[in-house]
Amino acid sequence: APEPAAPELAAPEVHAASDAAEPAATADLAYPAVRRVAAWFYALEYMWRYASTVAPAVRKRRVVICDRYVYDLRDSPWPGSRAAVFVQRVVPAPDVLVLPDAPAELIHARKPERTKSEQARQQREFRALLAEQPARCAELVVDTSGETDDPVAPVVAAVVEAAHRPRSAPRA
């Protein structure tokens, strides 16, 4: 069964009480206790994977490419959770953040397990994330519709720039 649609996401908020005090719009999600526990499990898993895999490679100045990152927790399994806010503060930002993008209809045709409206909502949220400029060096939207001659070139350029920038250098 498809996941229920999550609310539009704004910037993460820290809630003073507990995860039970999270936005009321998430109250209609099935199995809230399981989702809260899963959010913390995934947050801990992201921290472990960063510490055990990414951080050692970064220390050796190697390029690390992740197909998922801590920002996934903003939407699933418990939208707006304290676990998502926590892990985004603990795990360092990526050097480059890339959004493979295409019209929602095309993405839906390629990956039909989401509705077109759900796919469009998710793409809006990803674009909003990039607008926050969370990466250390660059955020890129890459056209994957097949209409761009070389969608990989800007990604390669951003990765090369990030690899040559000192870790302590501020963002330009």
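Residues numbered from 1 in each chain as written. Predicted model: local features only at pLDDT ≥ 70, side-chain atom pairs only at ≥ 80, totals over all residues. Heavy atoms only, no water.

### Brief notes about the overall build of the chain
Argument step 1. Regarding its fold elements, the chain presents five helices and two strands.
Argument step 2. Counted from the first residue to the last, the chain has its helices and strands arranged as α-α-β-α-α-β-α.
Argument step 3. When contacts within the chain are restricted to residue pairs at least 6 apart in sequence, long-range pairs at least 24 apart make up 72% of them.
Argument step 4. For the chain, the accessible area works out to roughly 10,500 Å², and carbon and sulfur atoms hold 60% of it. (Helix = DSSP H or I, 4+ residues; strand = E, 2+ residues; numbered from the N terminus. Contact = heavy atoms within 4.5 Å. Areas by Shrake-Rupley, 256 points an atom, 1.4 Å probe, with all protein chains shown as cover.)

### Overview of the side chain of Glu 139
Argument step 1. Among the structural elements, Glu 139 can be located in strand β2 (residues 138–143).
Argument step 2. Here Glu 139 falls in the buried class, since its relative accessible area comes to 16%.
Argument step 3. Engagement of the side chain of Glu 139 in a polar contact is seen with the backbone nitrogen of Ala 135, the distance being 2.8 Å. (Buried < 20%, exposed > 50% of the residue type's maximum accessible area, 1.4 Å probe, protein only. Polar contact = N/O pair within 3.5 Å; in protein donor to acceptor, adjacent residues only side chain to side chain.)

### Focus on the side chain of Asp 101
Argument step 1. Structurally, the position occupied by Asp 101 is in strand β1 (residues 96–101).
Argument step 2. Assessed through its relative accessible area of 10%, Asp 101 is described here as buried.
Argument step 3. At a separation of 2.5 Å, a polar atom in the side chain of Asp 101 contacts the side chain of Gln 123.
Argument step 4. Beyond its immediate chain neighbours, meaning those up to four positions away, Asp 101 contacts Gln 123, Arg 127, Val 141, Val 142, Asp 143, Thr 144 and Ser 145.

### Regarding the pattern of salt bridges
Argument step 1. Scanning the entire structure with this criterion turns up nine salt bridges.
Argument step 2. Glu 113 is paired through a salt bridge with Lys 111; the nearest N and O atoms lie 3.8 Å apart.
Argument step 3. Judged by relative accessible area, which is 33%, Lys 111 ranks as partly exposed.
Argument step 4. The residue Glu 118 makes a salt bridge to Arg 121 at a minimum N-O spacing of 2.3 Å. Here the residue Glu 118 and the residue Arg 121 both occupy positions in helix α4 (residues 116–131), the gap between them amounting to three residues, near one helical turn.
Argument step 5. Residue class for Arg 121 comes out buried when judged on its relative accessible area of 5%. (Salt bridge = Lys/Arg side-chain N within 4 Å of Asp/Glu carboxyl O.)

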